[in-house]
Amino acid sequence: MGYDVMQSGQGTSHAKIILMGEHSVVYGEPAIAMPISEIKCTVTMNQTTDSIQTIDSRYFSGNISNLPDAMSGISKVIIFLENYFNGKNDGWQMKITSMLPAERGMGSSAATTIALIKCFYDFYGATISKQELLKLADIEEHITHNNPSGLDAATVSSNRPIWFVRDQTIEPFDINIDATLVIADTGIRGKTKEAIQLVKQQLDNYPEATNKALNKLGTLTKDSSRLLKNNQAIQLGEYFNQAQTILSSLKLSHPAIDKLIKIARLNGALGAKFTGGGRGGCIIALTKNKIDAKIISNALIDAGATATWVQPLNTIGVNND
């Protein structure tokens, strides 16, 4: 089947955060992930009259043949798509614009890949199913993360929250809650692999206490699913706090995380915890409304957060994909 090159193409995606279930998800417990539509990634392609193919991004700008090793996953996806569309000799300029900070547990690599794939298909006037989109994104994720669960790609390409059990379930579900999330970046890169190894060591050395902590995190996640569906924001905030206490007991927090969480709570957050692997990265604070969220957001910036974002939970999934 032949494809006609369009003059331009565009693909978009967005960030994700883990609302509940960090680390316990590695050991068979569920996790809840949220798409964060306010934090966007956009990829555009414009046709050129020559056969040169270039990328402009915050990590690299130049010919795709010179992509750095850190972008080897992206490179492999581009090669696959060029072969699929028989476009090795087509000229184009690609621009990757992402609001997602890298290595903060927000799905940066998956978001870039999803937007890039969508852009390629748009550029060649083709359509792609959700299943095929995730299958192609897995090419990059396997290179970047070695053994990806599929959660990142599923969430950054979805408008709905994701209920996830590793090797069993990745499915969207609807929520009904009047609350707003504040996401704040500590400015410190998360250390997910280090954190996962730390939990494993604690399981080896202190199996009873560590298993108890992980099981409790799993229970909090299951109960949080019910709260999200029944508009129980105050209790959900308390679960945030309980989860953070457990994660801290597993030595997964960081002084910068602890500082921002304290500031969020002092300024009226219903609850706050880190999101993702920990040891850096981002925190999430649950607030009653956008007004409280703005107050907390400003306080977090004053306390040293390098960026903040506000996401009303009652807007997630309104336009279901």
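For clarity, every value in this text was computed on a predicted model and none was experimentally measured.

Here is what the cut-offs are and how they apply
Residues numbered from 1 in each chain as written. Predicted model: local features only at pLDDT ≥ 70, side-chain atom pairs only at ≥ 80, totals over all residues. Heavy atoms only, no water. Pairing = 2+ DSSP bridges. Helix = DSSP H or I, 4+ residues; strand = E, 2+ residues; numbered from the N terminus. Phe/Tyr/Trp six-rings, centres within 6.5 Å; stacked < 30°, edge-to-face > 60°. Lys NZ or Arg CZ within 6 Å of the ring centre and 35° of its normal. Disulfide = S-S within 2.5 Å. Buried < 20%, exposed > 50% of the residue type's maximum accessible area, 1.4 Å probe, protein only. Axes fitted to C-alpha atoms, helices over the stretch in contact; angles between N-to-C directions. Parallel < 35°, antiparallel > 145°, perpendicular 65-115°, else oblique. Left-handed = near helix turned anticlockwise from the far one by under 90°. Contact = heavy atoms within 4.5 Å. Nonpolar A, V, L, I, M, F, W, Y, C, P; charged D, E, K, R; others polar. Core = buried A, V, L, I, M, F, W, Y, C linked by side-chain atoms within 4.5 Å. Domains from an automatic or database assignment. Expected span 1.5 Å × (residues − 1). Arc of directions from axis to C-beta. UniProt positions renumbered as here; feature names shortened; annotations may be inferred. Patch = residues over 30% accessible without salt bridge, like charges linked within 9 Å, V, L, I, M, F, W, Y side chains within 5 Å. Areas by Shrake-Rupley, 256 points an atom, 1.4 Å probe, with all protein chains shown as cover. Salt bridge = Lys/Arg side-chain N within 4 Å of Asp/Glu carboxyl O. Polar contact = N/O pair within 3.5 Å; in protein donor to acceptor, adjacent residues only side chain to side chain.

### Digging into the pairing of strand β7 (residues 169-172)
Right, on to step 1. Here strand β6 (residues 162-165) pairs with β7 via four bridges, running antiparallel. Looking at β7, one finds that phenylalanine 164 is bridged to isoleucine 170.

### Considerations on the packing of aromatic side chains
Right, on to step 1. Summed over all chains, the structure comprises eight aromatic pairs.
Right, on to step 2. Cluster of aromatic residues (ring-pair linked, three or more members): Tyr84, Phe85, Trp92, Phe120, Tyr121, Phe123 and Tyr124.
Right, on to step 3. The aromatic ring of phenylalanine 240 is capped on one face by lysine 273, whose charged end is 5.9 Å from the ring centroid.

### Observations regarding the state of the cysteines
Simply put, disulfide is the name for a covalent bond between the sulfur atoms of two cysteines.
Right, on to step 1. According to the stated counting rule, one finds zero disulfides in the structure shown.
Right, on to step 2. Looking at the unpaired cysteine 119, the closest cysteine sulfur is the one in cysteine 41, lying at 10 Å.
Right, on to step 3. Free of any disulfide, cysteine 282 has its nearest neighbouring cysteine sulfur in cysteine 41, separated by 16 Å.
Right, on to step 4. We classify cysteine 282 as buried; its relative accessible area is 0%.

### Focus: the packing of helix α1 (residues 72-84) against helix α2 (residues 108-123)
Angle between the axes and distance between the axes are the two parameters that describe a pair of packed helices.
Right, on to step 1. At a minimum axis distance of 11 Å, the contact between α1 and α2 shows a crossing angle of 20°. Taken together, α1 and α2 sit at an angle that is classed as roughly parallel. Here α1 runs over α2; the crossing is right-handed. Mapping the contact onto sequence places Ile74, Val77, Ile78, Leu81, Glu82 and Tyr84 in α1 and Thr112, Thr113, Leu116, Ile117, Phe120 and Tyr121 in α2.
Right, on to step 2. Looking at the contact of α1 with α2 residue by residue, the class counts come to nine nonpolar, two polar and one charged.

### Here we look at the nonpolar core
Right, on to step 1. The biggest cluster of nonpolar side chains holds 93 residues, and the ones touching the most others in it are Met34 and Phe120.
Right, on to step 2. Per-element tally for this core: the top contributor is α2, with 10 residues.
Right, on to step 3. Each of domain 1 (8-172) and domain 2 (180-312) contributes no fewer than three residues to this core.
Right, on to step 4. Residue contacts for methionine 34: discarding those within four places in its chain leaves Ala15, Lys16, Ile17, Leu19, Thr155, Pro161, Ile175, Leu228, Leu313 and Ile316.
Right, on to step 5. In this structure, Ile18, Ala31, Ala33 and Leu151 belong to the second largest nonpolar core, which totals seven residues.

### Notes on helix α8 (residues 255-266)
Right, on to step 1. With 12 residues, α8 extends 16 Å between its outermost C-alpha atoms, agreeing within 8% with the 16 Å of an ideal straight helix rising 1.5 Å per residue.
Right, on to step 2. Within α8, burial applies to Ala256, Ile257, Leu260, Ile261 and Ala264. Around the axis of α8, the buried residues are gathered within 130° of arc, so they sit on the same side. Seen from the buried face of α8, the exposed residues on the opposite side, beyond 90 degrees, are Pro255, Lys262 and Leu266.
Right, on to step 3. Contacts made by the buried residues of α8 are with β8 (180-185), α7 (233-249), β9 (271-275), β10 (282-287) and α9 (290-302).
Right, on to step 4. Backbone geometry just downstream of α8 places glycine 268 in the positive-phi region, at approximately 105°.

### Thoughts on helix α5 (residues 192-205)
Right, on to step 1. Look at α5: 20 Å from first C-alpha to last across 14 residues, which is about the 20 Å you get at 1.5 Å a residue.
Right, on to step 2. Of the surrounding elements, those touching the buried residues of α5 are α6 (207-229) and α7.

### Overview of the UniProt feature "domain: GHMP kinase C-terminal" (unreviewed entry) in the chain
Right, on to step 1. The positions UniProt marks with the feature "domain: GHMP kinase C-terminal" (unreviewed entry) are residues 227-303.
Right, on to step 2. A distance of 30 Å separates the end C-alpha atoms of residues 227-303, which is 58% helix and 14% strand.

### What about a nonpolar patch on the surface?
Right, on to step 1. On the surface, Val26, Tyr27 and Ile196 cluster together into a nonpolar patch covering about 220 Å² of accessible area.
Right, on to step 2. Following the sequence through the fold, tyrosine 27 ends up in the loop between β1 (8-20) and β2 (31-47).
Right, on to step 3. Using a relative accessible area of 37% as the deciding quantity, one classes tyrosine 27 as partly exposed.

### Considerations on the environment of serine 61
Right, on to step 1. Structurally, serine 61 can be placed in strand β4 (residues 61-63).
Right, on to step 2. Spatially, the C-alpha atom of serine 61 lies 24 Å from that of aspartate 138, the residues being 77 residues apart in sequence.
Right, on to step 3. Dropping the residues within four chain positions of it, serine 61 is found in contact with Ile55 and Asp56.
Right, on to step 4. Among the polar contacts made by the side chain of serine 61, one reaches the side chain of aspartate 56 at a distance of 2.7 Å.
Right, on to step 5. Among the polar contacts made by the side chain of serine 61, one reaches the main-chain carbonyl oxygen of serine 57 at a distance of 3.5 Å.

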